[in-house]
Structure formats: C-alpha cells, structure tokens
Amino acid sequence: FGSRRGRAFCESPGLLLVESGAMAPKSQAKQNEPRCDFPIDQAIVVGGGLAGMTAANTVLENGAKVLVLDKSSFCGGNSSKATSGINGSCTQTQKDKGIDDTNELFLSDTLKGGAKKPEIAKVLVWESGPAVDWLMQTFNLDLSLVARLGGHSAPRTHRGKERFPGMTITYALIQMVERVQENTGGGMARIVNKAKVVDLITNNGAVIGCKYEKGTDVIQAFGPVILATGGFGADFTADSLLAKYRPDLMHLPTSNGEHCTGDGIKMGEAVGAASLDLEWVQVHPTGLVKVGEEDAKVKFLAAEALRGVGGLLIDNEGNRFANELGRRDYVTGEMWKNKAPFRLCLNSLASTEIHWHCEHYKGRGVMRKYDTGADLAKELGVDVKKMEAVWQAHYEASQKHEKDPEGGPFPAYPSGKSWDEPSGKTGCGKKFYHNVIQGSQFATETFHVAIVTPVIHYCMGGLEISAKSEVVTAKGKVIPGLYAAGEVAGGVHGNNRLGGSSLLDCVAFGRVAGKACAEYMLGADMKTVALKDLAGAEPVAKPAAATGGAAASPAAGTAAAPAAAGYTLEEVAKHTTKDDCWVVLHGQVLNVTSFLKDHPGGELAILTFAGKDATVEFDMIHPPDVISKYAPDAVIGKLAEAAGGAAAVAAAPAQKEGFGCGTMMLLILLVLWAVSAVAVVGGLAF
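First things first, this report covers the structure right here in the doc. This structure is a prediction, so every number in the text was calculated from the model and none was measured.

1. Brief notes about the sheet that holds strand 9 (residues 157–159)
With antiparallel pairing, three strands are arranged side by side in an open sheet as 7-9-8. Bordering the open sheet on either side are strand 7 (86–87) and strand 8 (145–147), each of which pairs with just one other strand.

Have a look at this one:
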C-alpha cells in the first residue's frame, strides 16, 4: 500500500477509495465476521516498543505483512529500559534449574497482586512460559538467570547474564523486523520513525487504517491496527489523562519516556473503544536519586531484582519499615509513612549476585559502594550498634522462618505467617529471605547503596480488550480490525502490577494480538513462516569508520586535529556544549551534536558525558554493532596516541538505554545513554 496527502491509493482490488481518505469495501461482510471483508494482508502496528515489535514479528510469522509506525526517532520505548526481567511459569529455564512453579500458582499470585479480570490474567499467565521460550529459541536470547521479585511465590523473573533484559529483548526483536525489511526490500515489513499516528480510519464500525503525520505530510495507511503505544505516565500537561484521573500524582517524578502521553487510549476512545482502570497508576518505590539532582522530574528506576537478591530498605534513621518483597503499592505506601531519604542496601553477597547492575548504577552516579557498614552508618549519622541490631533482627527472623515457616506471630505476604517484626506490623510480613548476614558482620561488610524515592512508573488502565487482544466497546462488542497490546491495554493487571509482568504483558499479548490480527486478515490462508527465512543471513557487524561527512564537521571556531592524525582527548574535551558535542568510544571520536534534538532520553543524557570517554559503560549495555549500524556518520576520527603511548581513556562513565529502529535511528547509543543518565534524564525498569 502507498498513500499521498489528501487521497489514499491502494493497489489491492475490491476497495473503493473515498476522497476523505476513508475506505469502504465493495460488499459488506456480516456483522462480527471474524476476518477482514476486504482483501488486505498488511497489519499496522502503532508503537515500536516491545509489545509492538512482538506483534510485528508474530504477524510476519503467520504469513502477513506489517507496517510499524513510531512517533519517536527511535524504536524501543520504555521496554528497552526494563531492568528486572520477564516473568514466565513452566519455562525451560525453570525446568533446567529444578524450580517448582505452575501456571496456577502464578495466576494466584497475579490475582492477589491486583488483577481483577481472571479471564485476561489467565491469558497472561498461560502465555508466559511459551513467550519466554519463544524469545530464547527464536531470537537466541540468554534468559538463563531466574529471580524472585515482590509478590511472587516462586522464582520466575528471567534475565540474562549481561546487559539489561529490556534492552536485550527489545533490541533483538527490532533487529529481526529490520532484517526482514532489508531482506525483502520492504515487501514484508516496513518501519517508519517520526511518524505520529493521529487518527484511526473506520468504516461501518470497523477500523481499516490510520492517519499519521510525517514531517509536514499527513499520510493514510490501510489495514487492521494493533495499538502498542504505551501509557500516559509522562504527560504532565493540564489536559492529560494523568491530570484527569490522578491529579494527586502530578507532583511526583516519573520513570517514563516523554513519548508516554496516552495517544493510543485517546484514539481508541474516539472510535468507540471502552477504557477502564485509568485511575490505577502504579507508583514504584525505588526511583534512583542522584545526589545534587534530587528534584529531577525524570528518574531512572532501580531494578526490583535488587530487592529480590536480598537488598534491604531503610529510612533515614537506619530502620527497616516494610517487606522489601511486598507489592509495589504497599512498599510505596510504607515509604510515605516513614522518614526520607530512603536507602536500598545490598551486602556483598547480594551485590555479587547482581554485579552487572551495581557496576552500571555506580557508573551512572546513582549507587555508591561503602567499604564497610561502619562507613554507611557514619554517612547516616546513626550509631553502628543500632545498625547491627537492625541487621541481626532480620537475620534472626530468617532463621526462625527456616525452622518454623508457619509459626510466626505476624501475617505474611502473599500468605502464611512471618517472624519479621518490621514488616509484620504492617500486615505484610516477610517470608522470603536471600543473601542474609548476621548483625555482627555489618560493621565490616561491604555495601552497595542507592538513595531511592517513589516515582510514577506504570499505568494499569487502558483500552479494554478481549482474551484475543481485540479492543471492545463499553457494551463488550469487539471493534473489528482494532487490537491493543502492552501498557495501552487495560484490565490485565487490575490495580497493581507485579514486577516482571510488564515485559511479559508486552510479549504475551503482543503475540496474541499479532496472531489474532493475522487470522483476521488471512483466515484460512494464514500460514506459519520462519522469521529466519524472511530475515535472511544474519549480517556480520563491521566497525564504524570515520566518514568525514557533515556530521564530522567541527563546530565553527574550534580547532581540531586532522582526522588522519587523530584527535587528542584534550581536543575532545573542548566539545561539551549543546551546539558542539563529542564523545569517545573504543578509541573512536564521535560528533553527536546533530543527534541531541532527537534523543529519546533528552539532550542532557548525552551532554552529561560530552567530551569524555564512555567506552566502559557503553559496552555494558550495547551490542557491538550499534554504532556501525545506526550511526556510522557520527564517527569523525580516531583518538590520537597519548604521551604515554596508550590511547587516552577518561574514566567518565557514559550511559544509555533504549534504542531505536529505522535508518535514522542514528544510534542506539544515544538511546541507551538516555536511560543512562539515570536521574539526569531518564530511564526505568519494569
């Protein structure tokens, strides 16, 4: 399909083109018929995050074509910033590790966690194992580590050994669609960035396409639509959904990217879709606070896995006050009852288990290592003996629970009894312990510590869907040709979402929506297609080379060493402004000035590391082909040999998180840095 401003043009027969851009079939199908009543094999996915890319890959797997539209310069969305992992029950990884878990147990946890629609929660849970296995088998992803997060009765949150799971998973799915696009010349898949969808096109109650803005053009695309546009947790405007449904939260910081403005919900409602649970906005307890930037409106999120491996929460007087593994809304509520600032403390055992995260957070300046607990106590201004008593009480509770799990005096969460007094007094006693140390070890123990604060994180409400991800009206009638997956869909989690279920929501319902949409389009003609066959041979990553192009031009008035001789680190350090921004990666000098305005994490996320070498932190998150694939023109030369003979490397950790799609995704590098600027400008972990 192609389209021009003001009038749509369609190559398929059997369609009438209407001047307004609406499209009507020559013959109307019976109401509620389960497939398209006009010949079309293109699905339109609005949103290039994990839900959208999962749906796109699934559409392709079932023999249909797909068009992905994303309003940002990069694909990836909030999913690319998720740091804890993806939930799954009865997965191959669990079986390999001997973890005893069932779909029934996961469903029970999900309903206790807040879900109110069992029929939708059941889809989430029963699709979870196949979803995780699909990611590992189809995309060759490492999801070999499993942790227990808050509200879960078994370890079921999967992540890999390196990099954040959200970035790793989402990037792999983006790459697959990009490869299909390249291998088929756009015949089976297309990704269009900076394409803001503004309206859905309907005909006789069915959604048959959408209108989107691209530059100064308004373009129409036709096909059934899968909305994967995310929530509204970053819209602080006066007429936002947040202002309408939760004005009491408008003063809080957020972990959401600026793209989260509720577009899909508004467009769905405009064509008669029902919405629900919009008042349920999750406030996550552990947004990371960067010292000196306490008032930053956008904050990076501390992975819930930090508490899963044994991290303890304390108030400004060194007291524990909650069950660290309770529901997110519960932990946040207990924080509001106690004294800030709050600290999340990981002993050496916990820090080692989640070493990669700790190193990354330290590089971003939002976590600090204390050589001894005595140093931590001194920082707090609390007697070390008191701190020892707090840790000892936690240790003794763990030992009592091990000997007599149901003999404690306090109610436990999610069920049973607890021996832990600080959490037990809140009615949500702790019963799961990991990497526990005795109080006598506190003073000499090494700790990794982060200051944390509640942040707006996730919108449980959205468009109402069926068990097949079909969007429905207030009367429960399916709107033909319209689907929703991910955060834009409401009713999946109820009034609270469990950690690790956001990535799962995206993949589980992205697959459900993609398959249902393909069936709607193709009916009996739907067929199974291997993505690797559509994508062709996996390309070999090539190092980016200096191009000397436009992007390489030094800012006016600045002296630059000849590219052939290389740039000194001193020269790079001169380029630290919005109008002239350079960075160093792997001995190469990059001019990222022209990327700043399009960076999804905001300009400051990159400017924080301007004029420095960001290699170490960059490598902690990025695949090796990011620069050569997305921003080869940014490379302007090499770093000259320093006086000592070795290439100069300044230890100024850069960061990132996120990534994009489309040719102009200039660099995932930037995206990653966005999240990288932690409290500076963004990020989040699901």
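Now, onward.
2. Looking at the pattern of salt bridges
Under the defined criterion, the tally for this structure stands at 18 salt bridges. Here Arg368 and Glu379 are joined by a salt bridge, their closest N and O atoms 3.3 Å apart. One end of the pair, Arg368, is in strand 19 (residues 368–370); the other, Glu379, is in helix 13 (residues 373–380), with eleven residues separating them in the sequence. Given the relative accessible area of 44%, Arg368 is considered partly exposed. With relative accessibility at 42%, the residue Glu379 sits in the partly exposed group. Residues joined by salt bridges that share partners form a network here, namely Arg320, Glu324, Asp420 and Lys430.

3. A few points about the packing of helix 1 (residues 50–61) against helix 6 (residues 165–183)
Contact geometry for helix 1 and helix 6: axes closest at 9 Å, N-to-C directions at 40°. Considering the angle they form, helix 1 stands oblique to helix 6. Crossing handedness for the pair helix 1 and helix 6: left-handed. Where helix 1 abuts helix 6, its residues Leu50, Met53, Thr54, Ala56, Asn57 and Leu60 lie against Ile169, Thr170, Leu173, Ile174, Met176, Val177 and Val180. Of the residues contributing to the contact of helix 1 with helix 6, the split by class is ten nonpolar, three polar and no charged.

4. Some thoughts on the pairing of strand 10 (residues 189–193)
Most of strand 10 is tucked away, with four of its five residues classed as buried. Looking at chain direction, strand 6 (residues 65–70) and strand 10 are connected through five bridges and run parallel. When the bridges of strand 10 are listed, Asp70 appears paired with Asn193.

5. Points about the sheet that holds strand 15 (residues 275–276)
Ordered by their spatial adjacency, three strands build an open sheet running 15-23-26, and the pairing between neighbours is mixed. Of all strands in the sheet, those bounded by a partner on one side alone are strand 15 and strand 26 (489–490). Where strand 23 (residues 462–464) lies against strand 26, two bridges are found, and the strand directions are parallel. Within the sheet, the bridge partner assigned to Leu463 lies in strand 26 and is Ala489.

6. Points about the packing of aromatic side chains
All told, the structure shown has eleven aromatic pairs when counted by the stated rule. Taking 4.9 Å as the distance between ring centres and 45° as the angle between the ring planes, the aromatic pair formed by Trp391 and Phe442 counts as tilted. One end of the pair, Trp391, is in helix 14 (residues 384–403); the other, Phe442, is in the loop between helix 15 (421–424) and strand 22 (447–459), and 51 residues separate them in sequence. Accessibility classification places Trp391 together with Phe442 in one group, the buried group. Feature note: the residues Phe164, Phe300, Trp356 and Tyr361 constitute an aromatic cluster, connected by ring pairs. Its guanidinium or amino end placed over the ring of Phe236, Lys297 lies 4.2 Å from that ring's centre, counting from NZ or CZ.

7. Focus: the packing of helix 4 (residues 118–126) against helix 5 (residues 128–138)
Where helix 4 contacts helix 5, the two axes come as close as 4 Å, and the packing angle between them is 35°. Contacts between helix 4 and helix 5 involve Leu124, Val125 and Trp126 on the former and, on the latter, Ser128, Gly129 and Pro130. Considered class by class, the residues forming the contact of helix 4 with helix 5 number four nonpolar, two polar and no charged.

Here is what the cut-offs are and how they apply
- Residues numbered from 1 in each chain as written.
- Predicted model: local features only at pLDDT ≥ 70, side-chain atom pairs only at ≥ 80, totals over all residues.
- Heavy atoms only, no water.
- Pairing = 2+ DSSP bridges.
- Helix = DSSP H or I, 4+ residues; strand = E, 2+ residues; numbered from the N terminus.
- Salt bridge = Lys/Arg side-chain N within 4 Å of Asp/Glu carboxyl O.
- Buried < 20%, exposed > 50% of the residue type's maximum accessible area, 1.4 Å probe, protein only.
- Axes fitted to C-alpha atoms, helices over the stretch in contact; angles between N-to-C directions.
- Parallel < 35°, antiparallel > 145°, perpendicular 65-115°, else oblique.
- Left-handed = near helix turned anticlockwise from the far one by under 90°.
- Contact = heavy atoms within 4.5 Å.
- Nonpolar A, V, L, I, M, F, W, Y, C, P; charged D, E, K, R; others polar.
- Phe/Tyr/Trp six-rings, centres within 6.5 Å; stacked < 30°, edge-to-face > 60°.
- Lys NZ or Arg CZ within 6 Å of the ring centre and 35° of its normal.

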